[in-house]
Structures are given as structure tokens and as C-alpha cells.
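Here are the chains, one letter per residue:
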Amino acid sequence: MGSQTLEADQFADLGVVDTASWLVPQWRGRGVGREMRAAVLHLAFAELGAVAAVTSAWHDNHASLGVSRSLGYLDNGYELHARGDRADRMERLILTVDRWRDLADLATVDIAGLRPCLPLFGLSG
Ligand SMILES: CC(C)(COP(=O)(O)OP(=O)(O)OC[C@H]1O[C@@H](n2cnc3c(N)ncnc32)[C@H](O)[C@@H]1OP(=O)(O)O)[C@@H](O)C(=O)NCCC(=O)NCCS
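Residues numbered from 1 in each chain as written. Predicted model: local features only at pLDDT ≥ 70, side-chain atom pairs only at ≥ 80, totals over all residues.

Draft legend 1. Quick look at helix H2 (residues 32–47). For H2, spanning 16 residues, the distance from its first C-alpha to its last is 22 Å, which sits close to the expected 22 Å at 1.5 Å a residue. Taken as a whole, H2 has its buried residues at Gly-33, Arg-37, Leu-41, Ala-44 and Phe-45. For H2, the angular spread of buried residues about the axis comes to 80°, placing them on one side. Tucked into the core, H2 has its buried residues touching strand E1 (2–7), strand E2 (16–23), strand E3 (52–58), helix H3 (62–70) and helix H4 (97–103). Phi for Gly-49, located one or two positions after H2, is positive at around 80°. (Helix = DSSP H or I, 4+ residues; strand = E, 2+ residues; numbered from the N terminus. Expected span 1.5 Å × (residues − 1). Buried ≥ 20, exposed ≤ 12 C-beta atoms within 10 Å, placed from the backbone. Arc of directions from axis to C-beta. Contact = placed C-beta atoms within 7 Å.)

Draft legend 2. Spotlight on the site of the ligand. Taken together, 19 residues sit near the ligand, with Gly-33, His-62, Ala-63, Gly-66 and Ser-70 positioned nearest. Within the residue set of the shell around the ligand, elements represented by two or more residues are E2, H2 and H3. Per element, the largest residue contribution to the shell around the ligand is six residues, and it comes from H3. (Near = placed C-beta within 6 Å.)

Bear in mind that shape data such as this cannot, by itself, settle questions of function.
Quick look at the structure:
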């Protein structure tokens, strides 16, 4: 169907994760993007101890921005990036753990078998 990445730099020190999502066209607009982002946010916040999740999308990527906003991310400024032969606006968004806890439906995600993998995230098992 697609992929959902969760990545971080110096996660053990900073606790900030970044996400990127992609679905094959026939699976877009059916709620899957929101569901898979909610899943990795649960992994990051409830299991890995993240303090914030950030993401970014072109200003006109309404599906990507829609996923983020529907999960409670707030606007966090923008950057100008090269897009073709011009500069265009990349929106930045952020969701803190406190806001996630207030908004997330915690019962909808169930994570199993994580403990042996924690060292791979730079965390103790
Ligand atoms: C971005 C992507 C992963 C989103 O997943 P999706 O399954 O299409 O999105 P969902 O159906 O889960 O929609 C999530 C929210 O965004 C809204 N949304 C989705 N598509 C939208 C669109 N084209 N315009 C406006 N809002 C849209 C939905 O209404 C929903 O909001 P709600 O929960 O408040 O109702 C998917 O569209 C995709 O793979 N796009 C191409 C790759 C890409 O752009 N990746 C992101 C790069 S930053």
C-alpha cells in the first residue's frame, strides 16, 4: 500500500522524531495515511519516549497537511525550498507529546515485541 517512515537525529538526546508518508494512488484519500501516521506517533510517544514529532509538506499538499492537522499538529513556520526552477513554501508542523496525549485515541494502537528492538533506537531494553 505504501510506506510510513519515522526517523530522528540524536534521538536519545533530543527526543524529536520526523515522519514521511507515501501511499500508492489507489489507497489515497481513504483514511490510511491518517491511520499509519497515528501508529508511528504512538510508537514514538508512548513507547520510545519522544517529546515532539515534526513534519513538513509543500503548502499545496492538502492530503499530507490534512493528515497532520487532523492528528493535532500545529503550524511551526515554513521554509523556502527549490521546487523545479523556483523557490516554494514548505510548511513545517509540530506535535508535542502533551498535545498528543490530550488528543490521541490511545486505545486504537497496540504495539507488541518492541522491547528487544529498543537498543536499535539507541535506547536501553
Ligand atoms: C499524504 C498521504 C500519505 C495522505 O494519506 P491519505 O490516506 O491520502 O490521507 P487520509 O485519507 O488519511 O486523510 C487524512 C486527512 O486529510 C484530509 N485529506 C486527505 N486528502 C485530502 C485532500 N486531497 N485535500 C484536502 N484534505 C485532504 C482528509 O479529509 C483527512 O482529514 P480528517 O481526518 O480531518 O477527515 C497520501 O495522500 C500520499 O501518499 N500522497 C502522495 C505522497 C505524499 O505527498 N506524501 C507526503 C509528502 S510530505
